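The residues making up each chain are set out below.
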Amino acid sequence: MTEPDLATELRHEFAEQLAAEGKLPAQWRDAVEAVPRHECTPAFYVPNDAPGITTYVPITPKLVGDEAWLRRVYSDETLITQFDGRDIDWSDPQPISGASPTSSSTLPSLVVQMLDALDGDDESTVTEYGTGTGYSTALMCHHFGPEKITSVETDSGVADRARAALDRCGYAPRLITGNGLAGADRTEPADRTIATMGVRGIPWAWVRETAPGGLVVATLRGWLRSLGLVRLVVEDGQHATGQFIAAEPGFMMARQQEAPTNLGMLPADDDGKTRETAHGPGVLRMPDSGFVAQLAMPNARTFDMAGDDGRMRTFVLDAANESFAVLSEDGDGWSVREGGPVSLWGEVEQSLALWYAAGAPATTEFGVSVEPDRQLIWLENAAEGPSWRLPIAPGS
Ligand SMILES: C[S@@+](CC[C@H](N)C(=O)[O-])C[C@H]1O[C@@H](n2cnc3c(N)ncnc32)[C@H](O)[C@@H]1O
């Protein structure tokens, strides 16, 4: 069997398997059957399964053979194509550890879930932010028609490779290389807007460039964790509202919004005031309470470090308001040492109390309101329920 035939066969099997697992919405099946993902992912990395530090291993036809490469391509896996914003030397690819993925072909089942959430029709025009390998762009070109699609990628090397891949797939959508947080420079607003990179707040340009009644599907995330997938209806030129439709996924952050590498000044051992707290650092790690903690401290970062006595402490730092909280085990409970103008852990305690009082609702119970100068995540209703402000993206 020739390689293209094998690719076609594997693609059909893959679509069949996704559909059988309930992960392929019927209206996207044609696109998954038609788009040659292997043209978008000629070489990539996947994480190995060994315990310990994650190591990513390269997969190319030369390294593993055509069939093994194609089997990886036509599987429900995220295929990583760039780390730390640096292009990979594919002439001699080596395993990589201690690096952060900065471009990939997203998990196909997630891509089709997001495309389905767009709820488009034959007439829909779409702006996509985060072209990446071009795979999701190609699915949309097949489904809506390439002339309806605009896609924006910030990294010029990634954008060039996506353009070539889309060309090999036979599609010529409008491709822009630039910072998508500033929009797509559209003359007419799109009916639908989708983003496959995480943002700290919805860039206002995305709302401005989406037609009234149109939808924005994107993932919000903070520096502590991902918040989840949101779908917003653009009501008019002044606001968009909607809700979280899934607690996951965790997309890579928009390049321009990545956390600063420098954490700022660490508090000295005798800085701040110590008190008891009912909540230990576990609340940061649990899915739902972690979501609430992220809302309570939108600019915070956290890490664990042993003190001089060898006991672990969890540091929470907010360079924006120069405040800190250090959590330590205290007998059977926890104590917190806080300093700076804002009681960071106090914000978490207060937000958790509001959340518990509302019955500890899941992420998908939270609403989202976006206005030009204010973005809120809320419970119950936007005007009177508990609400949290999102940091608004600079330049939007
Ligand atoms: C998860 S990948 C995209 C996956 C892609 N949709 C696919 O199917 O292959 C996220 C992409 O967003 C891009 N990106 C990050 N920040 C961006 C920005 N401000 N504007 C446009 N693209 C951005 C990254 O360079 C990366 O290629």
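Per chain, the residues get numbers from 1 upward, laid out in the order the sequence is written. A pLDDT threshold of at least 70 governs which residues receive local features in this predicted model, and a stricter bar of 80 or more applies before side-chain atom pairs are shown or counted, although totals over entire chains, interfaces and linings include all residues. Only hydrogens and water are set aside; all other atoms, that is, all heavy atoms of the structure, feed into the side-chain values.

Participant: Is there a simple way to explain the overall build of the chain in this structure?
Facilitator: Note on conventions: DSSP H or I runs of at least 4 residues are helices, E runs of at least 2 residues are strands, and numbering of each starts at the N terminus. Looking only at helices and strands, one finds twelve helices and 20 strands in the chain. Radius of gyration: over C-alpha atoms. The globule rule applied is 2.2 Å multiplied by the number of residues raised to the 0.38 power. For 396 residues, the compact-globule estimate of 2.2 N^0.38 gives 21 Å, and the chain sits close to it at 22 Å. Overall, the C-alpha framework of the chain stretches about 70 × 50 × 40 Å when taken along its three principal axes. Counting all 396 residues of the chain, 52% fall into the buried class. Exposure is judged per residue with a 1.4 Å probe applied to protein chains only, and the accessible area is read against the type maximum: over 50% gives exposed, under 20% gives buried, and values in between give partly exposed.

Participant: Explain the packing of helix 11 (residues 287-296) against helix 12 (residues 344-357) here, please?
Facilitator: Any two packed helices are characterised by the angle at which their axes cross and by the distance between the axes. Two elements in contact, helix 11 and helix 12, have axes separated by 9 Å at closest approach and are oriented at 130°. In terms of orientation, helix 11 lies oblique with respect to helix 12. Considering the relative orientation of helix 11 and helix 12, their crossing is right-handed. Touching Asp288, Ser289, Val292, Ala293 and Ala296 of helix 11 are Glu347, Val348, Ser351, Leu352 and Trp355, all from helix 12. Of the residues in the contact of helix 11 with helix 12, the class split is six nonpolar, two polar and two charged. For every element, the axis is a line fit to its C-alpha atoms; helices are fit only across the contacting stretch, and the angle between N-to-C directions ranges from 0 to 180 degrees. Each angle is binned into one of four classes, with values under 35 degrees roughly parallel, values over 145 roughly antiparallel, values of 65 to 115 roughly perpendicular, and all other values oblique. Handedness of a crossing is defined here by the sense of rotation of the near helix relative to the far one, left-handed for an anticlockwise turn of less than a right angle and right-handed for a clockwise turn. Whether two residues are in contact is decided by their heavy atoms: any pair within 4.5 Å suffices. All residues other than Ala, Val, Leu, Ile, Met, Phe, Trp, Tyr, Cys, Pro, Asp, Glu, Lys and Arg, Gly among them, are scored as polar; the first ten of these are nonpolar and the last four charged.

Participant: Is there a simple way to think about the pattern of salt bridges in this case?
Facilitator: Any two side chains of opposite charge can pair, on the condition that their charged atoms come close. The salt bridge criterion pairs a side-chain nitrogen of Lys or Arg with a carboxyl oxygen of Asp or Glu, the two atoms within 4 Å. Across all of its chains, the model carries 15 salt bridges by this definition. A salt bridge links Arg29 to Glu33, with the shortest nitrogen-to-oxygen separation between them at 3.0 Å. In this pair, Arg29 and Glu33 are both assigned in helix 2 (residues 29-34), four residues apart and thus about one turn of the helix distant. Note on Arg29: relative accessible area 24%, which makes it partly exposed.

Participant: How do you make sense of the packing of aromatic side chains when you look at a structure like this?
Facilitator: Ring pairs (aromatic) are described by centroid distance and by the angle formed between their planes. Each aromatic pair joins two rings of Phe, Tyr and Trp (for Trp, the six-membered one) with centres within 6.5 Å, and gets the label stacked for planes under 30 degrees apart, edge-to-face for over 60, and tilted for any other angle. Applying the stated rule across the entire model yields ten aromatic pairs. Taken together, a centroid distance of 5.5 Å and an interplanar angle of 45° make the contact between Tyr45 and Trp90 tilted. On the criterion of sequence distance, the pair formed by Tyr45 in strand 1 (residues 44-47) and Trp90 in the loop between strand 3 (79-83) and strand 4 (96-97) is long-range, its members being 45 residues apart. Summarising the aromatic geometry, the rings of Phe303 and Phe315 are spaced 5.0 Å apart at their centres and angled 5° between planes, so their arrangement reads as stacked. In this pair, Phe303 sits in strand 14 (residues 301-306) while Phe315 sits in strand 15 (residues 312-318), placing the two residues twelve residues apart along the sequence. Here the aromatic cluster, defined as three or more aromatic residues joined through ring pairs, consists of Tyr45, Tyr56, Phe83 and Trp90. The side chain of Arg37 reaches across the aromatic face of Tyr135, ending 5.4 Å from its centre. Whether a charge sits over a ring depends on NZ of Lys or CZ of Arg being within 6 Å of the ring centre and within 35 degrees of the ring normal.

Participant: Teacher, can you tell me more about the sheet that holds strand 14 here?
Facilitator: One key point about sheets: their strands pair by backbone hydrogen bonds, in either a parallel or an antiparallel sense. DSSP-based pairing: two strands are paired if at least 2 bridges between them are found. With antiparallel pairing, five strands are arranged side by side in an open sheet as 13-17-16-15-14. Because the sheet does not close on itself, it has two edges, and the strands there are strand 13 (273-277) and strand 14. Neighbour-to-neighbour, the strand axes of this sheet turn through a mean angle of 25°, independent of strand direction. The pairing of strand 16 (residues 323-330) with strand 17 (residues 333-339) spans seven bridges and is antiparallel. In the strand pairing of strand 17, Val326 is matched with Arg337.

Participant: Hey, could you run me through the environment of Glu188 in this one?
Facilitator: Note that Glu188 resides in the loop between strand 8 (174-177) and strand 9 (190-199). Distance from Glu188 to Ala362, taken between C-alpha atoms, is 37 Å for residues 174 residues apart in sequence.

Participant: Whenever I open this one, the sheet that holds strand 8 confuses me. Can you help?
Facilitator: The sheet built from ten strands is open, its strands ordered 8-7-6-9-10-11-12-18-19-20 with mixed pairing. Either end of the sheet is taken by a strand with one partner, and the two such strands are strand 8 and strand 20 (387-389). The average angle at which neighbouring strand axes cross in this sheet is 20°, direction not considered. Bridge count between strand 9 and strand 10 (residues 210-221): six bridges; the pairing is parallel. Looking at the pairing, Gly198 lines up with Thr219 of strand 10.

Participant: I'm lost on the site of the ligand in this one. Help?
Facilitator: By nearness alone, 27 residues border the ligand, and Ser103, Thr133, Ser136, Glu153 and Gln256 come closest of all. Residue Thr196 places a side-chain N or O atom 3.0 Å away from a nitrogen atom belonging to the ligand. Residue-level accessible areas treat just the shown protein chains as cover; the underlying method is Shrake-Rupley with a 1.4 Å probe. For the ligand, the protein covers 100% of the area, taking 610 Å² as the surface of the free molecule. Sorting elements by how many residues they give to the shell around the ligand places strand 5 (residues 101-105) first, with four residues. Here the shell around the ligand is built from residues that sort into seven nonpolar, 17 polar and three charged. Residues are classed as near a molecule or strand on a simple rule: at least one heavy atom within 4 Å of it. Polar contact is the term for a pair of N or O atoms within 3.5 Å; when the atoms are in protein, one must be able to donate a hydrogen and the other to accept it, and sequence-neighboring residues count only if both atoms are side-chain atoms.

Participant: So what exactly am I meant to see when it comes to the packing of helix 6 (residues 108-117) against helix 7 (residues 135-144) here?
Facilitator: Here helix 6 crosses helix 7 at 45°, and the two axes come no closer than 11 Å. Regarding the angle of helix 6 to helix 7, the classification is oblique. Relative to helix 7, helix 6 is oriented so that their crossing is right-handed. Residues Pro108, Val111, Val112 and Leu115 of helix 6 form the contact with helix 7, whose own contacting residues are Tyr135, Ser136, Leu139 and Met140. When its residues are assigned to classes, the contact of helix 6 with helix 7 shows seven nonpolar, one polar and no charged.

Participant: I keep staring at the nonpolar core and nothing clicks. Help me out?
Facilitator: Generally speaking, a soluble globular protein has its nonpolar side chains buried in company with each other. Residues grouped as a nonpolar core are buried Ala, Val, Leu, Ile, Met, Phe, Trp, Tyr and Cys residues, joined through side-chain atoms within 4.5 Å. Ranked by internal contacts, the top residues of the largest apolar core, which has 47 residues, are Ile202, Trp206 and Phe366. The contact partners of Phe366, leaving out residues within four places of it in the chain, are Gln243, Phe244, Phe291, Val292, Leu295, Trp355, Pro361, Ile377, Trp378, Leu379 and Trp388. With 45 residues, the next largest nonpolar core counts Phe14, Tyr74, Leu79 and Leu139 among its residues.

Participant: What should I look at first to understand the pairing of strand 8 in this one?
Facilitator: Successive side chains on a regular strand alternate, one facing one side of the sheet and the next facing the other. Pairing analysis gives four bridges linking strand 7 (residues 149-153) to strand 8, with the strands arranged parallel. Each bridged residue has a counterpart across the sheet, and for Glu153 the counterpart in strand 8 is Thr177. A clockwise course of the path from the first strand over the helix to the second, judged with the strands pointing away from the viewer, identifies a crossover as right-handed. With helix 8 (residues 156-169) bridging strand 7 and the parallel strand 8, this β-α-β connection has right-handed handedness.

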